[in-house]
Amino acid sequence: MKHLLPHLTIAALAACTATGAVAADTIKIGFISSLSGPVAALGVPYEKGIRAAIAQQPTIAGRKVELIVLDDASDPTTAGRNARKLAVDDKVDVLIGTSGVPGAMAIAAVAKETGTPLISPTPVVIPGEEGAWTVTVSQPFPLMVSAVVERMKKAGVKTVAFIGFSDALGDLAYDSLAKAAGPAGIKVVANERYARSDSSVAGQILKIVAGKPDAVFAGNSGTPGALPYLALAQRGYKGQIYGTHGLINADFVRVGGAAIEGLQVPSGPVLVADQLPESNPIKKVSMDFRASYQKLNGAIPTDAFSAYTYDAYLLLADAAKRAKGEPGTPAYRTALKDAIVNTRELAGTHGVYNFKPQDRYGSDQRAVVIVRMEKGQWKLAP
């Protein structure tokens, strides 16, 4: 119930001024995140990120902003149902969410059906017309994983074992690893999976350790992503460990503890923004984000996820300057979608975004660095 309060409060305020109708000077954002359940370690930072963005920029293109927040409880079915409510009943102008790939895919289907643009903070690939209303501000897995594979190659890794979620995110991570490893001269020797809700991966890790791979790469995210590393440490595995950008959050670090020492993962530049040169356009945006987040939450962000929804809001704000029409109408939603997919050189915290109508991702090589876990802190890898 507590996660519906922002919705009820904001809606009540809007009713006082608009008498139940959508005000033409208000842009409505339907925000869906996993504020509870196994993906909450990502979903809670997502909400903090967009609130930091709105606090910093409370109006868009001269219009007020109304944020409606719904919790999908880490359930893809609920995510899709929330998206339909927001698009059909609340008549939002844009959808932003959610915290997991399966949930994002469910929202994307509703976005296409209802003609509502979706900005996803999580990496979701929906080819063709089915994904025509969706873009993502998260870096594509092939871009991030290929950077990790390059690190493996330089470290002399010849064999790597994979363990990941038994869902769309795990498939995406494995496919990206397999595609990049071959050309780098690295053999993928295992493909083990587990569910996000599992409490043990002992059997999968036994198989991996028995194969004696030079390295282990995990395709997972959030707090459940710590399981393989904990099990590897328990089995005394001494090889190198790698992971995805889905692991950069405080809960994962807390749960992983000493077992994740030396873990290398890809990240957006925001995580090491203070180490970027002044000439890098990402630095100023990232430092502005940190300042707004700290003012709102009393501490600087220690995750990479809150910055994704901050970037989603920046993308929306930039597109709204170019979109013609009256908010609350199908014509405006179409104009907003067209403006989003034609964004050029927009500096964010995770990269500089360039979208095309047939390209769901807007990131390039400027959006990736490699960080290493050292005594509970992510450090830029040398």
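Here the structure is a predicted model, which is why all the values come from computation and not from measurement.

Undergrad: Hey, could you run me through the environment of A226 in this one?
TA: Structurally, A226 is set in the loop between β9 (215-219) and α8 (227-234). Relative accessible area serves as the criterion here: at 0%, A226 is assigned to the buried category. Sequence separation of A226 and G257 is 31 residues, and the distance between their C-alpha atoms is 9.0 Å. Look past the residues within four positions of A226 in its chain and what remains in contact with it is F252, V255 and G256.

Undergrad: Would you explain helix α7 (residues 202-210) in this entry?
TA: Two residues of an α-helix separated by three or four positions point the same way, owing to the 3.6 residues in each turn. Of the residues making up α7, those classed as buried are Q204, I205 and I208. On an axial view of α7, the arc spanned by its buried residues comes to 95°, and they lie on one face. The outward face of α7, more than 90 degrees from its buried face, is lined by the exposed residues K207 and A210. Downstream of α7 by one or two residues, K212 has phi in the positive range, about 50°.

Undergrad: Can you walk me through the packing of aromatic side chains in this structure?
TA: For the structure on display, the rule yields nine aromatic pairs. Measuring from centroid to centroid gives 6.1 Å for Y229 and F252, while their planes differ by 80°, and the two rings are edge-to-face. Taken as a pair, Y229 in helix α8 and F252 in helix α9 (residues 250-256) lie far apart in primary sequence, 23 residues in all. According to the relative accessible area criterion, Y229 is buried, its value standing at 1%. On the basis of relative accessibility, which here comes to 0%, the residue F252 falls in the buried class. Ring geometry for Y353 versus F355: centroids 6.2 Å apart, planes at 5°, classification stacked. One exposure class covers both Y353 and F355, and it is buried. Through pairs of rings, three or more aromatic residues link up here, namely Y46, F305 and Y308.

Undergrad: So what exactly am I meant to see when it comes to the pairing of strand β1 (residues 26-33) here?
TA: Note on strand geometry: in a regular strand, side chains alternate between the two faces of the sheet. Among the eight residues of β1, eight are classified as buried, and the element is accordingly described as predominantly covered. Side chains T26, K28, G30 and I32 project from β1 onto one buried face, and the interleaved I27, I29, F31 and S33 project onto a second face that is buried too. Summarising the sheet, β1 and strand β3 (residues 63-71) pair through eight bridges and their orientation is parallel. Pairing of I27 across the sheet is with V65, part of β3. As defined by bridge partners, β1 adjoins strand β4 (residues 94-96) across three bridges and the pair is classed as parallel. Paired with I29 across the bridge in β4 is V94.

Here is what the cut-offs are and how they apply
Residues numbered from 1 in each chain as written. Predicted model: local features only at pLDDT ≥ 70, side-chain atom pairs only at ≥ 80, totals over all residues. Heavy atoms only, no water. Helix = DSSP H or I, 4+ residues; strand = E, 2+ residues; numbered from the N terminus. Buried < 20%, exposed > 50% of the residue type's maximum accessible area, 1.4 Å probe, protein only. Contact = heavy atoms within 4.5 Å. Arc of directions from axis to C-beta. Phe/Tyr/Trp six-rings, centres within 6.5 Å; stacked < 30°, edge-to-face > 60°. Pairing = 2+ DSSP bridges.

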